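Each chain, written out:
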Amino acid sequence: MTDLDQLTQSLARNLKRWRGERGFTLDQLAARAGVSRGMIIQIEQARTNPSVGTTVKLADALGVSITTLLDYEQGSPVRLVPADQAVRLWSTEAGSATTLLVGTEARGPLELWSWRLMPGDGSRSDPHPEGTVELLHVTAGTLTLIVADTAYAVDAGTSATFEAHHPHAYRNEGTEPVELTMAVSIPPAR
């Protein structure tokens, strides 16, 4: 079984599990996530590998982290994630990428990300649920962080935090790669 097959199977199993635990029908989850009922059925039957955006919308609607939806090793009180098992969710031919390093459900989902953005690349994010906070630390280059249509230059060595229920984006408008670590705290589902 390939890594992608394992990821698809894990997502199918975990989406069904969390939808059941939340007591959501297919229609209720579709409405909460803004994802079609048919897409949810295909994901739960492991017949499709959804986009990162769709996966984020489903995780947000369920009040769980992406890690929880993609996790295929659960049970131990300590979870080590070797570098070769971190989940790359987004990449470009230019070499930009995001990697979900680790996440937890303690007091609401919490995720830790590693990002690399090549010059000229960027990534846009839909607003997360009210109460979601992102914290980031740039380790190389200068990140252009856009929150609610306002751009902020975040230089190497600088940290930032913001309320992620606003539309936001990350861009590298410089000539060198941007590297950063990000934590995302999502409130528990109500």
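Above this text you will find the structure in question.
Model, not experiment: these values are computed from the prediction. (Residues numbered from 1 in each chain as written. Predicted model: local features only at pLDDT ≥ 70, side-chain atom pairs only at ≥ 80, totals over all residues. Heavy atoms only, no water.)

Description of the nonpolar core
Part 1 of the reasoning: Among the nonpolar cores identified, the biggest contains 42 residues, and Leu-58, Leu-69, Leu-136, Leu-143 and Tyr-170 are the most heavily contacted of them.
Part 2 of the reasoning: At 5 residues, helix α4 (residues 52–62) tops the list of elements feeding residues into this core.
Part 3 of the reasoning: Leave out the neighbours within four places in its chain, and Leu-143 touches Leu-117, Leu-136, Val-138, Tyr-152, Ala-153, Val-154, Tyr-170, Arg-171, Val-178 and Leu-180. (Core = buried A, V, L, I, M, F, W, Y, C linked by side-chain atoms within 4.5 Å. Buried < 20%, exposed > 50% of the residue type's maximum accessible area, 1.4 Å probe, protein only. Helix = DSSP H or I, 4+ residues; strand = E, 2+ residues; numbered from the N terminus. Contact = heavy atoms within 4.5 Å.)

Topic: the sheet that holds strand β6 (residues 142–147)
Part 1 of the reasoning: Here we have 4 strands laid out as an open sheet, ordered β4-β9-β6-β7, and antiparallel in their pairing. Each edge of the open sheet carries a strand with a single partner, namely β4 (122–125) and β7 (150–155). Averaged over neighbouring strand pairs, the angle between their axes works out to 15° when direction is ignored.
Part 2 of the reasoning: One ladder, built from 4 bridges, connects β6 with strand β9 (residues 168–171); its direction is antiparallel. The partner of Leu-145 across the bridge, within β9, is Tyr-170. (Pairing = 2+ DSSP bridges. Axes fitted to C-alpha atoms, helices over the stretch in contact; angles between N-to-C directions.)

Some details on the packing of aromatic side chains
Part 1 of the reasoning: One pass over the full model with this rule turns up 2 aromatic pairs.
Part 2 of the reasoning: For the ring pair Trp-90 and Trp-115, a centre distance of 6.1 Å and an interplane angle of 40° mean the geometry is tilted. With Trp-90 in strand β1 (residues 87–91) and Trp-115 in strand β3 (residues 110–117), this residue pair connects regions lying 25 residues apart in the sequence.
Part 3 of the reasoning: By relative accessible area, which is 8% here, Trp-115 ends up buried.
Part 4 of the reasoning: Geometrically, the ring pair formed by Trp-115 and Tyr-170 is tilted, given 4.6 Å between the ring centres and 55° between the ring planes. Taken together, the residues span a long stretch of sequence, with Trp-115 in strand β3 and Tyr-170 in strand β9 at a distance of 55 residues. Tyr-170 carries the same exposure label as Trp-115, and that label is buried.
Part 5 of the reasoning: Joined through ring pairs, the aromatic side chains of Trp-90, Trp-115 and Tyr-170 make up one cluster. (Phe/Tyr/Trp six-rings, centres within 6.5 Å; stacked < 30°, edge-to-face > 60°.)

Some remarks on the environment of Asp-121
Part 1 of the reasoning: One can find Asp-121 in the loop between β3 and β4.
Part 2 of the reasoning: On the basis of relative accessible area, Asp-121 is assigned to the buried category, the value being 15%.
Part 3 of the reasoning: In this structure the C-alpha to C-alpha distance between Asp-121 and Pro-177, which are 56 residues apart in sequence, comes to 9.4 Å.
Part 4 of the reasoning: Dropping the residues within four chain positions of it, Asp-121 is found in contact with Thr-92, Ala-94, Ser-96, Tyr-170, Arg-171 and Asn-172.
Part 5 of the reasoning: Looking at Asp-121, its side chain comes within polar contact range of the side chain of Ser-96, at 2.4 Å. (Polar contact = N/O pair within 3.5 Å; in protein donor to acceptor, adjacent residues only side chain to side chain.)

Regarding the packing of helix α2 (residues 26–33) against α4
Part 1 of the reasoning: Packing of α2 against α4 leaves a shortest axis separation of 8 Å and a crossing angle of 110°. Of the possible angle classes, the one that applies to α2 and α4 is roughly perpendicular. Remark: the crossing between α2 and α4 carries right-handed chirality. Touching Leu-29, Arg-32 and Ala-33 of α2 are Lys-57, Leu-58, Ala-61 and Leu-62, all from α4.
Part 2 of the reasoning: Looking at the contact of α2 with α4 residue by residue, the classes come out as 5 nonpolar, no polar and 2 charged. (Parallel < 35°, antiparallel > 145°, perpendicular 65-115°, else oblique. Left-handed = near helix turned anticlockwise from the far one by under 90°. Nonpolar A, V, L, I, M, F, W, Y, C, P; charged D, E, K, R; others polar.)

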